[in-house]
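Examination of the molecular architecture
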Amino acid sequence: MRFGFKGAPLLGLSLILVWSQTAVAQSEQDSCSTCHRVLPDERLSAPAEQFSDDIHATKGFICIACHGGDATIVGPAAMDPAKGYIGAPQRQQVPALCGRCHSNAQFMRRFNPALRVDQVVEFETSVHGQRLLSDGDPNVATCTDCHTAHSIKPVSDPRSSVHPLRVPATCGGCHADAERMARYDIPTDQLDLYQTSIHWETISEGGDLSAPTCNDCHGNHGAAPPGLSWVGNVCAQCHSMMAELFSESRHSRVFALLGNPGCATCHRNHDIHPASDEMLGLGEGAVCANCHSADDQGGQTAGALRMAIDSLRTTTEEAHSILLRAENSGMEVSQALFALNGAQDALVKARATIHSFDVEQVNAEVGAGLEIVTEVRSRGEQALSDLRLRRVWLAVSVVIIVALIVGLVMKIREMEHGGGRI
Ligand code: HEC
Ligand code: HEC
Ligand code: HEC
Ligand code: HEC
Ligand code: HEC
Ligand code: HEC
Ligand code: HEC
Ligand code: HEC
Ligand code: HEC
């Protein structure tokens, strides 16, 4: 008997029941793994060795959960097609095989109610799924390419092939393989580019798993060619303030008409680097200069925005160095230094607000920051002028003290001389 992969949900369910019962009785009799472990052919023994650490083994399943057969028979007859043995499934058959359990909410709930059960449905809508299942293209990813067949781990396990630290290499295994991808009209540079990005740096060096890796932008199972609204949506999940401002801007509508890919027009998609003020304006490295010049409205706005940001940045830096000078001279300016954080915050907000591409909105943030800077700066200058005053007083008092000492010494000498005479 072969598996009816397309239909027979009842058969599937009863098989699952048999499986789960066998699972309980597993360790009592497992001829499959006992024999396979000692087979000389690596292709046949490796699955048995790897499987001992697989999540499915941990949950009590044995080989027959996927391959069928009868694990109580010692000898090759264990692999009897009449007992449901299917051999090694074809790539096209794998989604339905995994889906037997993973698409069955009732069954999965007994193990982990929080686990999603839509992987197969999502996979079927992806480019991978469509090419594999409709076009029969064996080059695209099936479940086991991303998860392995015999060392499947929970996603949270750092050894899992789909753990955030390992996803890029898993996807890149195919997408960076020029030979494999030669037949398709898509680039093979995503992995290389992504590994230069701030997102990968945040994950790999900062250990902050909240930054996106391949599947966060492309979907775990719905890896689809991203449409335009989709691109905006995916960045918006995490950068909501920029996304909101951008969606209300003139660019949002014009870019959609022109076919420009939203955020990625200015930031790129895989090699996203830290943003800087140089990106703004019409100078070298300014993204605005790609489309605007000094004689159009956009170019003029770009210049004005850059000036506004620069003015807040440079005045904040100046105020900061004044406070540092005062502090190094022993003046108490910790409160003013703390207040200057408000200007830093305003600068961060102003940089985000440039996504409105509206001078007034940016100036509102910059203005709030400049107010703080002016106030803090005057406190710093006050501290420095207090310092000067103190120094003058110090100098004056030193002069007075020295004069007193000199006077005293002279007086003593005078008295000594006078005493000699007596
Ligand atoms: C007595 C040893 C023995 C037992 C028991 C055994 N196998 Fe095998 N198995 C082999 C050998 C030898 C081969 C390679 C020859 C072949 O394909 O028949 C093999 C092949 C396989 C293959 C690969 C088939 C392919 O198409 O490449 C799978 C999958 C497999 N076995 C699963 C199982 C399962 C599941 C069980 C338990 C129900 C099991 N085996 C029990 C010896 C065994
Ligand atoms: C979770 C499902 C699952 C379980 C459980 C499982 N396998 Fe497999 N196995 C597969 C799939 C799927 C393939 C097809 C190859 C692939 O997609 O990588 C496969 C392939 C194989 C092959 C052929 C390998 C090759 O390279 O041709 C052997 C042999 C095998 N399995 C043996 C076993 C043995 C022995 C066990 C138990 C120790 C086991 N499998 C448990 C899913 C499973
Ligand atoms: C293109 C690669 C890829 C393919 C193909 C793929 N997966 Fe996944 N899968 C992932 C990634 C990446 C995650 C991790 C998601 C996360 O970080 O939360 C995942 C997570 C899972 C999980 C954990 C629960 C969840 O949904 O987050 C299950 C179960 C799962 N996949 C099953 C499957 C099955 C069944 C198939 C085949 C129908 C499949 N996967 C195909 C990449 C893939
Ligand atoms: C016999 C039923 C069954 C089959 C067939 C099956 N699984 Fe599972 N799978 C489970 C169960 C049960 C769990 C454990 C869920 C839990 O307790 O968290 C699991 C866990 C997983 C996990 C880890 C989810 C997590 O916690 O992050 C992944 C990934 C996964 N399976 C992928 C696959 C893939 C890929 C296939 C096909 C090659 C497959 N499974 C076939 C029942 C099955
Ligand atoms: C087993 C190899 C393999 C693996 C692993 C794989 N892919 Fe793919 N993927 C392909 C192939 C081949 C295509 C080309 C399909 C086509 O264009 O017809 C493709 C297509 C795509 C597309 C659509 C591209 C387009 O514009 O048409 C995206 C997006 C994608 N993959 C993302 C991913 C992500 C993300 C991962 C990892 C989570 C991944 N892939 C893992 C082989 C793979
Ligand atoms: C920050 C989000 C993000 C991350 C992370 C990401 N991508 Fe993409 N990817 C995109 C966007 C957006 C596009 C569409 C570009 C466009 O429309 O111009 C894209 C396009 C693609 C394409 C289609 C071909 C192409 O290059 O345009 C493939 C394949 C792909 N990505 C694979 C990957 C792989 C593999 C990884 C991980 C190494 C990855 N992506 C990481 C957002 C991302
Ligand atoms: C027209 C070009 C353009 C588009 C489109 C664009 N940005 Fe920006 N973005 C910039 C510039 C320029 C800066 C640098 C501002 C600065 O540092 O002065 C920036 C800065 C950023 C920053 C860093 C802000 C900080 O705190 O320093 C993030 C995050 C960001 N953009 C995300 C996005 C997202 C998400 C989208 C889409 C919703 C988007 N951007 C669309 C030009 C653009
Ligand atoms: C899953 C969440 C997530 C998604 C999706 C995401 N990012 Fe990020 N992004 C982050 C995190 C986390 C950082 C690093 C910390 C930070 O600087 O905010 C970051 C950093 C950045 C930076 C650098 C900010 C700086 O301080 O200079 C830019 C620019 C950026 N992302 C743009 C994008 C764009 C464009 C997209 C969509 C193509 C995108 N991001 C998708 C989470 C995300
Ligand atoms: C990919 C090309 C492109 C980039 C990059 C770009 N713009 Fe634009 N921008 C346009 C287009 C197209 C329009 C619509 C012009 C029109 O309506 O005539 C526009 C319109 C504007 C407008 C509205 C002008 C008006 O007439 O109302 C402003 C302001 C603007 N851009 C500022 C900027 C700034 C600032 C940057 C850099 C951060 C930038 N743009 C980057 C293409 C771009």
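Small disclaimer: the values here were computed from a predicted structure and weren't measured.

Another aspect to go through is the overall build of the chain. When you go through the chain residue by residue, the secondary structure sums to 22 helices and zero strands. Rg of the C-alpha trace for the chain: 36 Å, well past the compact-globule value of 22 Å for 422 residues, more than 25% over. Principal-axis analysis of the C-alpha atoms places the extent of the chain at approximately 135 × 75 × 40 Å. Sequence-distant contacts, at least 24 apart, represent 59% of the contacts inside the chain between residues at least 6 apart. Of the roughly 25400 Å² of accessible surface on the chain, 59% is carried by carbon and sulfur atoms. Taken together, the 33 basic and 48 acidic charged side chains of the chain have centroids lying 4 Å from each other.

So, about the coordination of the iron atom of ligand 4. Summarising the metal site, the iron atom of ligand 4 is bound by the protein donors His-56 (NE2) and His-102 (NE2), whose distances to it range over 1.9 to 2.0 Å. Metal-centred angles of 86 to 179° between the six donor atoms at the iron atom of ligand 4 mark the site as octahedral. With His-56 in helix 4 (residues 55-58) and His-102 in helix 6 (residues 94-102), this residue pair connects regions lying 46 residues apart in the sequence.

Every one of the 16 residues lining ligand 2 counts as a neighbour, but Arg-43, Cys-63, Cys-66, His-67 and His-150 are closest to it. Take His-67: an N or O atom from its side chain is 2.8 Å from a nitrogen atom of ligand 2. Within the side chain of Thr-144, a nitrogen or oxygen atom sits 2.9 Å from an oxygen atom of ligand 2. Put simply, the parts of the chain that give the shell around ligand 2 at least two residues each are helix 3 (42-51) and helix 5 (64-67). Among the residues forming the shell around ligand 2, the class breakdown is ten nonpolar, five polar and one charged.

This brings us to the pattern of salt bridges. Taken as a whole and assessed by the stated rule, the structure comprises 18 salt bridges. In this structure, Asp-118 and Arg-116 form a salt bridge, with 2.6 Å as the shortest nitrogen-oxygen distance. Using a relative accessible area of 24% as the deciding quantity, one classes Asp-118 as partly exposed. For Arg-116, a relative accessible area of 47% translates into the label partly exposed.

Looking now at the nonpolar core. Ile-309, Leu-323, Val-333, Leu-340 and Val-362 are the most contacted members of the largest nonpolar core, which totals 28 residues. Secondary structure elements with two or more residues in this core: helix 20 (297-328), helix 21 (334-353) and helix 22 (359-421). Element by element, the count of residues in this core is highest for helix 20, at nine residues. Discounting chain neighbours no more than four positions away, the residues touching Leu-340 are Thr-316, Ala-319, His-320, Leu-323, Val-373 and Val-376. In terms of nonpolar packing, the next biggest core, distinct from the first, is built from five residues, Phe-61, Ala-65, Cys-101 and Met-108 among them.

Moving on: the coordination of the iron atom of ligand 7. Within the protein, His-267 (NE2) and His-355 (NE2) serve as the donor atoms for the iron atom of ligand 7, at 2.0 Å. Between the six donor atoms coordinating the iron atom of ligand 7, the angles at the centre fall across 87 to 180°, so the site counts as octahedral. Of this pair, His-267 sits in helix 19 (residues 264-267) while His-355 sits in the loop between helix 21 and helix 22, and the two are 88 residues apart along the sequence.

Within the element layout of this structure, Gln-190 appears in helix 13 (residues 190-194). The exposure class of Gln-190 is buried, given its relative accessible area of 18%. Sequence-distant contacts of Gln-190, defined by excluding residues within four places in its chain, comprise His-175 and His-270.

To continue, consider the site of ligand 9. Taken together, 18 residues form the shell around ligand 9, and within it Arg-250, His-251, Cys-288, Cys-291 and His-292 come nearest. Here a nitrogen atom of ligand 9 sits 2.8 Å away from a polar atom, N or O, in the side chain of His-292. The set of elements that each furnish at least two residues to the shell around ligand 9 consists of helix 18 (250-258) and helix 20.

For the chain, per-residue confidence averages 90 on the pLDDT scale, and 90% of positions sit at 70 or higher. Here residues 1-15 scores under 50 on pLDDT; set against residues more than four positions off or in separate chains, the count is 20 contacts. In this model, residues 225-229 is a region of pLDDT below 50 whose contacts with residues beyond four sequence positions or in other chains number seven contacts.

Attention now goes to the packing of aromatic side chains. Considering all chains together, one arrives at five aromatic pairs under this definition. Through successive ring pairs, a cluster of aromatic residues spans Phe-61, Phe-107 and Phe-111.

Procedures and definitions
Residues numbered from 1 in each chain as written. Chains lettered and ligands numbered in written order. Predicted model: local features only at pLDDT ≥ 70, side-chain atom pairs only at ≥ 80, totals over all residues. Heavy atoms only, no water. Helix = DSSP H or I, 4+ residues; strand = E, 2+ residues; numbered from the N terminus. Rg over C-alpha atoms; globule rule 2.2 N^0.38 Å. Contact = heavy atoms within 4.5 Å. Areas by Shrake-Rupley, 256 points an atom, 1.4 Å probe, with all protein chains shown as cover. Lys, Arg positive; Asp, Glu negative; His and termini not counted. Charge placed at Lys NZ, Arg CZ, Asp CG, Glu CD. Donors = N, O, S within 2.8 Å, 3.2 Å for Na, K, Ca; no water. Tetrahedral: all angles 85-135°; square planar, octahedral: opposite > 155°, others 65-115°. Near = heavy atom within 4 Å. Polar contact = N/O pair within 3.5 Å; in protein donor to acceptor, adjacent residues only side chain to side chain. Nonpolar A, V, L, I, M, F, W, Y, C, P; charged D, E, K, R; others polar. Salt bridge = Lys/Arg side-chain N within 4 Å of Asp/Glu carboxyl O. Buried < 20%, exposed > 50% of the residue type's maximum accessible area, 1.4 Å probe, protein only. Core = buried A, V, L, I, M, F, W, Y, C linked by side-chain atoms within 4.5 Å. pLDDT = per-residue confidence, 0-100. Phe/Tyr/Trp six-rings, centres within 6.5 Å; stacked < 30°, edge-to-face > 60°.

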